[in-house]
Structure formats: C-alpha cells, structure tokens
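Architecture and fold: a report
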Amino acid sequence: TRSLTITSVDQSMFEKAQGEKVTLPCTFELSEEDEGPLDIEWVLIPADNQKREQIIIMYAVDRVYNHYYAALTGRMQFTNLDPKSGDGSLDILNLKAADTGTYQCKVKKAPGVQSKKIQLTVLVKPARTKCSVEGSQEIGKDVTLKCVSQEGSPLLSYDWRRVSGTQELPATSMLNKNTGELRLKNASREYSGTYNCVASNRVGTDECSVELNVTPPVNTAGIITGAIIGTLLGLSVLCSLIFCCCKKHREKKYEKEVHHDIREDVPPPKSRSSTARSYIGSNRSSLGSMSPSNMEGYTKTPYSQVPSEDFERAPPQTPAFAPSKVAAPNLSRMGAVPVMIPAQSKDGSIV
C-alpha cells in the first residue's frame, strides 16, 4: 500500500554563521489512501532528554500557527506560502548561537505519518581579535607575540605572518595555532617589524597587527648612578633649605629679645627732689585758689623742707590732725565746692 513519504533525505546537518539565514528542508508526497486533514509541525528537540519537545511552528486546516516559541518569533516562516503543495521546509532568519539544536519535521495525513530530524549548528565568526607583545623587547631576550579573539565559536585557529621586511617568520620562532602565541627566542634587530595574526574557524576570519621594535639592552649601571647622584643633590638642596629656615628663625627670635630690653639712650627717671617740687607746686596752686578767710589756721610749709622718702611712703599709722582754729564757712551756702587742704602735723610732716 502506498502512503505518505518525506522526499528530502539528503542533508541532515547544517553549519551556518551567526546572522545568516538557513533553510531546513522538508518536502513530502501524499498518498491516495491518506484522507485525513494535513498537519505539518516543526519541533525543537532539547539536548536534555528529560525535557519535552517544543513546537515552534505548525500548519493545520489551511492555517499557519507560529506563536508557540518566543525565541524565534519574527525570525521563522514556511519556505512555501502553501505548505500543502508538498513543501513544508522552514526558513530561519538572522541566526543566533542559541538557535543551535536538533529540529524535527512531522507530516501527518491520516493514516500516514512521517518525520525527519535535522541538526543545526550556528557558529560565531572570530571578532574583536587583539594582538600584544609580552616580554622585554631587547636584543638577546625572548619575546612572545599574543593573539586572542574575544568572540568566536571553537575550534579557533591562529596563524602569524610577517608583513614587513623579509615577510617570513624568524628561524627561531615557535607558533602555537591553538593559543595564538608566537615565541621569538634570542631576539635580534632583524626581528623588528610588523606582524599580523589571522584568527579563523569554519565560518569566518578576523585579524590584528602588532609592531615589534627590538632595541639594545638598557645601561642599568648608568641608570643606578644617575639615580644616586640625583638623590644626593636632592638631599643637599633640602639641607640648605632647612639651614636657611633655622637661621631666619634665630634672627627673628634675637630681634624680639632686643626689642624688649631697655635702650641706653632713654633718659633716666626724674629724681625725688623734682617730684617733691612738683607736688609742692601743686599744693601752692591749690592754696592760692582759696580765699583769705580759709587760709587762717593753716601753717605754710617752708620751701627749704624737701619731702623725704618718708613722704613718698606714708606710715601705716593714721596721723593726728590738728584741730582747726577757725570754723569752716558754710560752703554750700556760698556755692563753693569743698576742697581738702594739706596740713602740717606736730612733727613737721605734711599730711
């Protein structure tokens, strides 16, 4: 008995680059005995056998259903707008690395049922490849050129070539295609130049360049000597600054001490006799301001008597005042202000 058969059985594995388009074939032929409705399903079989199959697109009763798998929404469609014509192939656009997996096409028309599995691998091209130099670029030293791609599906392969000079790698070079390291032993001036690295896999390539400049070794002894001389000069300058600061501080301190001392050209203080004379003069002026009536009963102090040291230092005991012979006039009635007049005690001192 003739029944439904799938005719696209040639290719079951596809490798495509990220961003490209792939067409998963699924063509079939119907039989006269198949009288039921036609159903076409594409399902994604997970790598984990414990998980269920995921329907991604389906054709049933002359209608397409493509909202089952959100990861491929808007990026998948049937190749033929009328799948019942015998072509149920699937187009996937703008491929991503996550689209890698096993896809199965199922065609049903009762009583016939057929299916086909296709393995899809989405590879990422090498990208953002960077070149660098590791080690001292001195004559006689070992130098390593490194090449690494930030993106790219395995297995990546690296290859180095020289783009300047003889355009051939040095005889002492050692290349590791898996890691991208090119080691140059016992480098010489002839190794200097531009080197190019090409990273590749099955779906694409990417490259980068680096400049190598091999120079004579650095004079370490001269650098150390220069550093020592520079350090000594710096210390000498620092000591000079400290000495100047200390000297200036001592000069300021000396000026302050001299400023507080007594100068020799300042005149001496007045003698005691001049002090006494000024005091007596003041007493005269006070007595002269009094009226004649108030002068009675007071004894004038002779000018020949100069106040002694005892006058400047008054005795602790209270001196006895001689009683006044004439009663003091009523100053309040006269409108005058009372004035204290010094008097002479019995021992001749002025109080």
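Before going into details, it helps to say that this report is about the structure given with it. For clarity, every value in this text was computed on a predicted model and none was experimentally measured.

Further remarks concern the sheet that holds strand β16 (residues 181–184). Two strands in a sheet stick together by hydrogen bonds in their backbones, pointing the same way (parallel) or opposite ways (antiparallel). The strand order β12-β13-β16-β15 describes an open sheet built from four strands, whose pairing is antiparallel. Looking along the sheet, the strands with just one partner apiece sit at the ends: β12 (127–134) and β15 (173–176). For this sheet, the mean inter-axis angle between neighbouring strands, taken without regard to orientation, is 10°. With seven bridges joining them, β12 and strand β13 (residues 143–151) adopt antiparallel strand pairing. Bridged to C131 within β13 is C147.

Mapped onto the fold, V214 is located in the loop between β18 (204–212) and α1 (220–260). Residue V214 is classed as buried on the basis of its relative accessible area of 1%. When the C-alpha atoms of V214 and Q137 are compared, they prove to be 4.9 Å apart, with 77 residues separating the residues in sequence. For V214, the residues in contact, after removing those within four places along its chain, are Q137, E138, I139, A187, S188, R189, Y191 and S192.

Residues L24, W42, I56, I92, Y103, V107 and L120 are the most contacted members of the largest nonpolar core, which totals 26 residues. Elements with a minimum of two residues in this core: β3 (22–24), β5 (38–45), β6 (54–60), β8 (76–78), β9 (90–92), β10 (101–109) and β11 (112–123). Looking at which element gives the most residues to this core, the answer is β5, with four residues. Ranked by size, the runner-up nonpolar core spans 18 residues in total, among them L145, Y191, V210 and V214.

A word on the state of the cysteines. The final tally for this structure, using the stated rule, is three disulfides. Across the disulfide from C131 sits C208; the S-S distance is 1.8 Å. Residues C131 and C208 share a disulfide whose torsion about the S-S bond is about 75°; that sign makes it right-handed. With C131 in strand β12 and C208 in strand β18, this pair connects stretches of sequence that are 77 residues apart. Given a relative accessible area of 10%, C208 falls into the buried group. For C147, the disulfide goes to C197, at an S-S distance of 2.1 Å.

In this section: the sheet that holds β9. Taken in spatial order, the three strands of this open sheet run β3-β9-β8, and their pairing is antiparallel. With one partner strand each, in any of the chains shown, β3 and β8 form the two edges of the open sheet. For this sheet, the mean inter-axis angle between neighbouring strands, taken without regard to orientation, is 25°. Pairing of β3 with β9 involves three bridges; the strand directions are antiparallel. The partner of V22 across the bridge, within β9, is I92.

What counts as what
Residues numbered from 1 in each chain as written. Predicted model: local features only at pLDDT ≥ 70, side-chain atom pairs only at ≥ 80, totals over all residues. Heavy atoms only, no water. Pairing = 2+ DSSP bridges. Helix = DSSP H or I, 4+ residues; strand = E, 2+ residues; numbered from the N terminus. Axes fitted to C-alpha atoms, helices over the stretch in contact; angles between N-to-C directions. Buried < 20%, exposed > 50% of the residue type's maximum accessible area, 1.4 Å probe, protein only. Contact = heavy atoms within 4.5 Å. Core = buried A, V, L, I, M, F, W, Y, C linked by side-chain atoms within 4.5 Å. Disulfide = S-S within 2.5 Å.

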